Each structure stands twice: as C-alpha cells, then as structure tokens.
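So the chains spell out like this:
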Amino acid sequence: MTVVVEGCAVVTMDAVRRELSNGHVVVQGNRIVAVGDGAAPSYDGARVVDGHGCLLTPGLVNTHNHLYQWVTRGLAADATLFDWLTTLYPVWAGIDEEAVNVAAQGALARLARTGCTTSSDHHYVFPRDGGDLFAAEIAAAESVGLRFHPARGSMDLGRKDGGLPPDDVVEDRDAVLAATEAAIDRWHDPAFDSMLRVAVAPCSPFSVTGDLMREAAALARRKGVRLHTHLAETTDEDVFCRERFGCSPLEYADSLGWTGDDVWLAHGTHFDDREVKRIGTTGTGVAHCPSSNARLGAGIARAADLRTAGAPVGLGVDGAASNEAGSLIEEVRHAVLFARATGGPEAMTVRDALEMATVGGAEVLGRRDAIGSIEPGKLADLALWRMDTPAHAGITDPVAALVLGTPPPLELLLVDGRPVVERDTVLTVDEHALAARVAVVHETLLRKARR
Ligand SMILES: [Zn+2]
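1. So, the overall build of the protein
In terms of helices and strands, the protein carries 14 helices and 17 strands. Relative to its length of 451 residues, the protein is compact, with a C-alpha radius of gyration of 21 Å against a globular reference of 22 Å. Projected onto the principal axes, the alpha-carbon positions of the protein cover approximately 65 × 45 × 40 Å. Looking at the 451 residues of the protein, the share that counts as buried comes to 62%. At a minimum sequence separation of 6, the contacts of the protein that also span at least 24 residues come to 74%. Per element, the accessible surface of the protein, about 16100 Å² overall, is 50% carbon and sulfur.

2. Side note on the side chain of D416
Note that D416 resides in the loop between β15 (410-415) and β16 (418-422). Judged by relative accessible area, D416 falls into the buried class, the value being 10%. A polar side-chain atom of D416 sits 3.3 Å from a polar atom in the side chain of N30. Within the structure, D416 has its side chain in polar contact with the side chain of R147 (distance 2.9 Å). Residues contacting D416, with those up to four places away along its chain left out, are G29, N30, R147, D193, M195, L379, A380 and D381.

3. Looking at the coordination of the zinc ion
In this structure, H64 (NE2), H66 (NE2), H230 (NE2) and D318 (OD) serve as the protein donors to the zinc ion, at separations of 2.1 to 2.4 Å. Coordination at the zinc ion is irregular: its four donor atoms span angles of 87 to 179° at the metal.

4. Here we look at the environment of V332
Here V332 is to be found in helix α11 (residues 328-343). Overall, V332 belongs to the buried group, its relative accessible area being 0%. V332 sits 234 residues away from E98 along the chain, and the two C-alpha atoms are 32 Å apart.

5. A few points about the pattern of salt bridges
Applying the stated criterion across every chain yields a total of 34 salt bridges. Here the salt bridges do not stand alone but share partners, grouping R17, R307, D352 and E355 into one network.

6. Overview of helix α6 (residues 235-245)
For α6, every residue scored as buried is listed here: E237, D238, F240 and C241. Within α6, the buried residues cover an arc of 160° as seen down the axis, which keeps them to one side. For α6, the elements touching its buried residues are α1 (81-92), β10 (227-231) and α7 (249-255). Positive phi shows up at G246, right after α6, with a value of about 75°.

7. Here we look at the environment of W264
Counting through the fold element by element, W264 comes out in strand β11 (residues 263-267). Between the alpha carbons of W264 and L196 there is a distance of 17 Å; along the sequence they are 68 residues apart. Dropping the residues within four chain positions of it, W264 is found in contact with T63, S120, A199, R226, L227, H228, T229, G285, A287, V364 and L365.

Conventions and cut-offs
For every chain, the first residue of the written sequence is number 1, and numbering continues from 1 onward in sequence order. Local features in this predicted model are restricted to residues of pLDDT 70 or higher, and side-chain atom pairs are both shown and tallied only at a pLDDT of 80 or more, whereas totals for entire chains, interfaces and linings draw on every residue. Think of the side-chain values as coming from all heavy atoms in the structure, minus any hydrogens and water. Secondary structure elements are taken from DSSP: a helix is a run of H or I of four residues or more, a strand is a run of E of two residues or more, and numbering for both begins at the N terminus. Both definitions apply: the radius of gyration is a C-alpha atom measure, and the globule rule equals 2.2 Å times residues to the power 0.38. Think of it in three bands: residues with accessible area under 20% of the maximum for their type are buried, residues over 50% are exposed, and the middle band is partly exposed, with areas taken using a 1.4 Å probe on protein chains only. We call two residues contacting when some pair of their heavy atoms lies within 4.5 Å. For the area figures, the Shrake-Rupley method with a 1.4 Å probe applies, and any residue is considered shielded solely by the protein chains shown. Each polar contact in these results corresponds to two N or O atoms within 3.5 Å; when the atoms are within protein, one needs to be able to donate a hydrogen and the other to accept it, and residues that are neighboring in sequence are counted only if both atoms are side-chain atoms. The rule for donors is simple: N, O or S, within 2.8 Å of the metal, or within 3.2 Å if the metal is Na, K or Ca. Water isn't counted, so a site may look like it is missing partners. Key to geometry: four donors with every angle between 85 and 135 degrees are tetrahedral; four donors are square planar and six octahedral where opposite donors lie over 155 degrees apart and all remaining angles lie between 65 and 115; all other sites are irregular. Any carboxyl oxygen of Asp or Glu within 4 Å of a side-chain nitrogen of Lys or Arg constitutes a salt bridge here. The arc in question is formed by the directions pointing from the helix axis toward the C-beta atoms.

These results come straight from atomic positions and should not be treated as a statement about function.
Structure follows, in structure tokens:
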C-alpha cells in the first residue's frame, strides 16, 4: 500500500530541521520512502491525500502515562500529590482486566485524536485478584493501533513499612521481579519496527524499596530493556528522601544505579543546578509532564535547562487522574507557556516544544533511529493537522498555530503506515460506545471503594 500526502506544510524534525511550505511525503508499507518540495511523482495505485490547508508533523510520542487512570478522572480535584494518592489508592485497588482494558482504550483513543502515534505506559497497581492487567492494556493498544511501550511497574513499600500506599496494593518483591521478567519474555519486541516494547518500572521512592529498585535495574540491564520510574516530582518527595535516606531523590536514584542513557524519569520537577548537570552528563531521559505538574501544583520541570545540559527530554500527559484532558498536543503548548512563565520570554521556542514531543520523545524511549522525524527509511508515524478552520486560518506560521493555538482537528493519523484517525474520527474503536463503557467502569470502581 502506497500513501502520498501532498500540498501541505511539512515539519520534518530531521537533523537540519528542514521545513517545507508546500511539500509531499510518500509512504510505502510501514516506511517513509520520500520527502520533498512540491507535488509528489505519481505512484501506481497510490492513495493520494490532499494536504492543502494542513500541516504534516511526525506523530507525537507520549513518554509518561498511567492508562488505567482514564476511569478515575476528576477525583481529589484540588489536592496535593500525597493527598491525591491516598484518596485514589483505595479506588485503584478495585481495578481488574475489564477496567484496565476499557480505560486504556479510552486514553489511547484520546491520545490518537491529539496526534500521538507512540505511547508509553507505566502500570504499577496490581491488585491480588485483578487478573492479567498487563495483557489487558496491551490488548487495548492493539485494538486502538498505537505503537506501545508499556512499563511493568510495581510497589513493594506499603504503609506498615513506612511507604505511602496501603498494604493491600503492594506486591512481594520476588513476585514483582518474576512477573516483570515474564512480561519481557512474553511481550518485548526489539525489532526496528516494533509495535511493542516493554520497560521495567518500579513506581517511586516512597512506594518501592531500595532493594527492588536495585534488582529491577539489574533485571532490565540483563534483558536489554529500558528503565523507568517517577523521580523528584514534589517537595514532599524531597522531604521523604532526606528524612529516610539522608539525600535528595536524585542522589538516592544514582546510588541505586538509576541514572544512565537507558533510564528515563517521569517529572524531574525538583532538580538543582548540580543535578540538572548530572542528568545531562549521564544522558538520563526526562518525561516532562507540564499539565500534570500544574494540576497537582507540584512546580514545573526545568525542561529547557535539562535540554541545554544534554538530557533527552520528551513530553508526557501523565495519568488522566492528574490530567483529565489526556491530550498530547496540549502538553506542547503548556510546555512553552510554563517555561516562559517561569523562565522569561526566551526560555523556550515553539519549535523547541514541538521537538520535545517528537524527536525528544523518540530519544527518551530509545527509538530515535525509527520514529520522531519525517525522513526516508523511518517508520510511517505521521500526523496531518487541519490548519484552515476558523480556529487557525490566517496564522502564517503553521508551527506557531499548532503549538500556541487551540488543538486543531486531525485530518489523518498514520501509525506504522496504517490510518488510525481520519477527519478527526478514530477509525479503530467506537469512541462514543467506549465513552459509555468508561462511565460505567468509573461508577463501578467508586461503588467498590465505598464498600
Ligand atoms: Zn506518573
């Protein structure tokens, strides 16, 4: 199958950041085979997409999420992270395969509608009688059709041992390691055009023991997969680490082997100058989640400083319980606005922000060779944004329009060369039927938690 998109502006995000005001891109199978100015040469039997009035960008890459939270949105709406967590843990304790599958489909369909072609997930709640939740979210990603990087999360530090989560949602350390290894063996695909890669992801310093962090890192490195965790999200976490371990969250992570170019950290909101430098020199990735950080009043990551220091920085929506919108294109806008609100007008350009959402995210997930830019030989993950509706018509620079304007409709979203969204409608799942199922699961979980 050959797909030709022509007549559109193109932002390639290639090595020289080439932009075309009227260009074309040709896709054969799951690969990009040509990118150029003007109309495309003709290809026999190709589907030709008229891109006039549109902007073509690489598909966006979401580097941090908790898909199951799509069915627990809107709770503890005005709380701090620790209060929000203690309110939500009992609700999350009720999740099962059905809840996770419905939530993941809902969250991924929304991500697709907002330009996302690759999403990671960090699933760390495994109730004892919940069933195979990892398989349930993988099935959801397959049905929606996004490229998927699920991370097998875990918690083993319950309240009785000084942790934050209740004891009935934590797991035994050996069971965690065995289940994580089994998940890698069963699901992880290292191929260039992989649709599914697994990472190892103990949850956070206040819900995981140091022993599990250390052994999880060793497991990931033995298996050649990436490592992911939450770090330095709030000042409460900083206080927790200093009281319990006598050091900052990053010093703690460093002591456990949790820095390096195979590690990516969610948030990284509270790093001092020395730590920003350390993140950069170790090549540790950061998933910057501006909306979630703002929703929980956690502060804002020093994304521009981290990039200057040499760290790969991508964007993430985070779980929908702390970002009810779950929209990846809105994170690009928020990244610019919050960077400038705290760092002045030159703190971040609109193109820097779009770069984080594309090549930056690809680098954070270890996929820079295959996704994140529009170049011949790369995978056909593309977003074609409609920029000629009343919301955007008349804005000369389509990148400024995309990043600073309201989220535009998607004319077409290709993942691995296959259409997932067309004319702002998800093709792979029925969004309205899904929304009704999400509402039912949400109510069921609240009823269970009250019992
Ligand atoms: Zn998170």
